Amino acid sequence: MLLNWDLYQIPSINSPGAPEAFITGKPTYIDNTMSEAYARYFDAAKPYRSILSIPIKLSTGESFAVLNIDSDHPYQFGSADIINKKILPAITPLISLIRLERELIDNDCSERL
């Protein structure tokens, strides 16, 4: 599974990062939480400066969670190459397990009704 870098965009809604990824179903990338565009949304006392938010979706395409990868360095995830070759292969099995667990839980709950 490779991410299409064209899906990454500077968040434009009022809650950048994980909320936007969840609502839109698209990954979001905050390159520097202390930049003029984002500083009002993030606490300067927090150690993170870059945030990559990846929605986790059910097989229906509906978002049910977001996986955040944070760094204390600004512009840490600035390249599609880094994301596609290093980060995504490392987290794809985790995302698959999370999705499977959620679908098993949903199926089990449906059967009990």
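As shown above, the structure is provided for reference.
The structure reproduced in this document is the subject of the present report. (Residues numbered from 1 in each chain as written. Predicted model: local features only at pLDDT ≥ 70, side-chain atom pairs only at ≥ 80, totals over all residues. Heavy atoms only, no water.)

What to know about the overall build of the chain
Logical step 1: Looking only at helices and strands, the chain has 2 helices and 3 strands in total.
Logical step 2: Listed N to C, the secondary structure of the chain is α-β-β-β-α in terms of helices and strands.
Logical step 3: Within the chain, the fraction of its 113 residues that count as buried is 35%.
Logical step 4: Within the chain, contacts between residues at least 6 apart in sequence are counted, and of these 47% link residues at least 24 apart.
Logical step 5: In the structure as shown, the chain presents an accessible area of about 7,000 Å², 55% of it carried by carbon and sulfur atoms. (Helix = DSSP H or I, 4+ residues; strand = E, 2+ residues; numbered from the N terminus. Buried < 20%, exposed > 50% of the residue type's maximum accessible area, 1.4 Å probe, protein only. Contact = heavy atoms within 4.5 Å. Areas by Shrake-Rupley, 256 points an atom, 1.4 Å probe, with all protein chains shown as cover.)

Observations concerning the pattern of salt bridges
A side chain with one charge may pair with a side chain of the opposite charge, provided their charged atoms come close.
Logical step 1: With the rule as written, the count across this model stands at 1 salt bridge.
Logical step 2: Here Asp106 makes a salt bridge to Arg102, at a shortest N to O gap of 2.9 Å. Placement of the pair is Asp106 and Arg102 together in helix α2 (residues 80–112), with a separation of 4 residues, close to one helical turn.
Logical step 3: A relative accessible area of 28% places Arg102 in the partly exposed class. (Salt bridge = Lys/Arg side-chain N within 4 Å of Asp/Glu carboxyl O.)

Observations regarding the packing of aromatic side chains
Logical step 1: As enumerated under the stated definition, the model contains 2 aromatic pairs in all.
Logical step 2: Judged by centre distance (6.3 Å) and plane angle (70°), the rings of Tyr29 and Phe77 are edge-to-face. Residue Tyr29 is located in strand β1 (residues 28–30), and its partner Phe77 is located in the loop between β3 (63–71) and α2; the two are separated by 48 residues in the primary sequence. (Phe/Tyr/Trp six-rings, centres within 6.5 Å; stacked < 30°, edge-to-face > 60°.)

Considering the sheet that holds β1
Pairing between sheet strands relies on hydrogen bonds along the backbone, with the strands arranged either parallel or antiparallel.
Logical step 1: Reading across the sheet, the 3 strands line up as β1-β2-β3 and stay open at both edges, with antiparallel pairing between neighbours. Each edge of the open sheet carries a strand with a single partner, namely β1 and β3. Sheet twist, expressed as the average angle between the axes of neighbouring strands with direction ignored, equals 20°.
Logical step 2: For β1 and strand β2 (residues 50–57), the ladder comprises 3 bridges, and the chain directions are antiparallel. Each bridged residue has a counterpart across the sheet, and for Tyr29 the counterpart in β2 is Leu52. (Pairing = 2+ DSSP bridges. Axes fitted to C-alpha atoms, helices over the stretch in contact; angles between N-to-C directions.)

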